[in-house]
Amino acid sequence: MAIQWFPGHMAKARRQVTEKLKLIDIVYELVDARLPLSSRNPMIDEIVSSKPRIILLNKADMADARVTKEWLSYFKEKGIHALPLDAQSGKGLKDILPLSKIVLKEKFDRLEAKGVRPRAIRALIIGIPNVGKSTLINRLAKKNMAKTGDRPGVTTAQQWVKVGKEIELLDTPGILWPKFEDPLVGYKLAVTGAIKDTILNLQDIAVYALNFLKENYPDRLKDRFGLEDIPDEIVPLFDEIAERRGAVMSGGIVDYDKTSELIIREIRSEKLGPLSFEKPGEEI
Ligand code: G4P
């Protein structure tokens with residue numbers, strides 16, 4: 001997947017989302033439960049302000065359950081509807097319809113009072129690339145039909161997917177960009193696999209990841225890499241991990257790229273367990 005981050009593409013993506021919004025009652029905004037703020041489009045609140053919305057904290061299976069709870073309270077306090085979700089296994093899926101009905105009750109009651117026959121809720125899934133939009137659409141539609149790829153610039157005819165009797169979903173999601181120009185947001189997105197390594201320097205991502213683990217999950221860092229203590233400085237920490245993983249070349253030279261790659265790969269494949277890279281209250 002190549003994401004093209006030119007202003008023209010962004011404007012087009014935004015326009016397409018705005019067009020889709022005219023057709024629907026509710027937005028399901030997918031964010032990554034491991035980084036619920038960094039995995040949002042910076043302008044999303046403004047873009048979808050005209051529509052009711054539920055934030056779906058997807059990939060909750062990969063996030064720290066304790067932190068996900070904190071996020072749910074955070075959103076609740078702000079009066080924002082949010083649900084945890086694992087679109088891959090389907091866990092949490094059953095909660096979407098009941099909450100949608102609550103959110104839309106007034107609108108549908110109003111329509112009914114005007115004599116409009118009850119109809120299915122029309123919904124749009126929105127989110128940054130790789131957050132799980134296609135997985136969720138496929139799950140809801142129970143078949144493989146959302147293979148659109150990440151092409152913010154491609155226009156396709158709108159198709160509706162029936163989800164039971166009570167929801168109709170646009171089959172192509174709204175794809176928006178993350179706040180990629182902020183380096184910290186970039187590292188978080190890279191370490192979780194939302195953006196590809198080539199955009200950012202591999203070693204920089206690994207340095208971010210190690211500092212983060214040192215600070216937030218020191219025991220897991222120690223356990224995974226068999227460290228007795230965590231060195232204060234980042235280079236000795238790299239060196240120790242490299243040594244334990246056979247990433248030291250002849251002459252004792254550490255292969256920092258190889259070490260960085262394995263650190264990132266192991267985090268992404270959950271070898272260090274479920275991790276959350278953002279907590280409510282932290283500035284991003
Ligand atoms: P997108 O349409 O928003 O771009 O995302 P997509 O559904 O393609 O999902 C991106 C990756 O995330 C996929 O992995 C998908 O299986 C995984 N995924 C989606 N939802 C969940 C979830 O709730 N939990 C977990 N653990 N994974 C989820 P992939 O096909 O292996 O792609 P990749 O690993 O090459 O990125």
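Within any chain, residue numbers begin from 1 and follow the written order of that chain's sequence. Only residues with pLDDT of 70 or above have their local features reported here, since the model is predicted, and side-chain atom pairs are shown and tallied only from 80 upward, although totals for entire chains, interfaces and linings are computed over all residues. Side-chain numbers here rest on the full set of heavy atoms in the structure, without hydrogens or water.

In the annotation of an unreviewed UniProt entry, the entry for the protein reads Ribosome biogenesis GTPase A, and the organism field reads Metabacillus mangrovi. UniProt positions are given in the numbering used here, feature names are shortened, and annotations may be inferred rather than shown by experiment. Recorded under Sequence similarities (unreviewed entry), the UniProt text for the protein is reproduced unchanged: "Belongs to the TRAFAC class YlqF/YawG GTPase family. MTG1 subfamily." What the UniProt record of the protein gives under Subunit (unreviewed entry) is the line "Interacts with ctc. Interacts with the immature 50S ribosome subunit. 2 molecules of rbgA bind to one 50S subunit."

As a structural note, the neighbourhood of the ligand is formed by 16 residues, with Asp 61, Asn 130, Lys 133, Ser 134 and Thr 135 the closest of them. Asp 61 places a polar side-chain atom, nitrogen or oxygen, 2.8 Å from a nitrogen atom of the ligand. Take Thr 135: an N or O atom from its side chain is 2.6 Å from an oxygen atom of the ligand. Helix and strand definitions follow DSSP, with helices as H or I runs of at least four residues and strands as E runs of at least two, each counted in order from the N terminus. The element best represented in the shell around the ligand is helix H5 (residues 133-141), accounting for three residues. Residues are grouped as follows: Ala, Val, Leu, Ile, Met, Phe, Trp, Tyr, Cys and Pro are nonpolar; Asp, Glu, Lys and Arg are charged; every other residue, Gly included, is polar. Across the shell around the ligand, the residue classes tally to five nonpolar, six polar and five charged. One heavy atom suffices: a residue is near a molecule or strand as soon as one of its heavy atoms comes within 4 Å of it. Polar contacts, as counted here, are pairs of nitrogen or oxygen atoms within 3.5 Å of one another; within protein the pair requires one atom able to donate a hydrogen and one able to accept it, and residues that are adjacent in sequence qualify only if both atoms are side-chain atoms.

This brings us to the packing of helix H7 (residues 202-216) against helix H9 (residues 234-244). Across the interface, H7 lies against H9 with an axial gap of 11 Å and an inter-helix angle of 100°. When the interaxial angle is binned, H7 and H9 end up roughly perpendicular. Side by side, H7 and H9 meet where Gln 203, Ala 206, Val 207, Leu 210, Asn 211 and Lys 214 of the first sit next to Ile 234, Leu 237, Phe 238 and Ile 241 of the second. Considering only residue class, the contact of H7 with H9 consists of seven nonpolar, two polar and one charged. Axis definition: a line fitted to C-alpha atoms, over the contacting stretch in the case of helices. Angles run 0 to 180 degrees between N-to-C directions. Note on angle classes: values under 35 degrees are labelled roughly parallel, values over 145 roughly antiparallel, values of 65 to 115 roughly perpendicular, and the remainder oblique. Here a residue-residue contact requires only that any non-hydrogen atoms of the pair lie within 4.5 Å.

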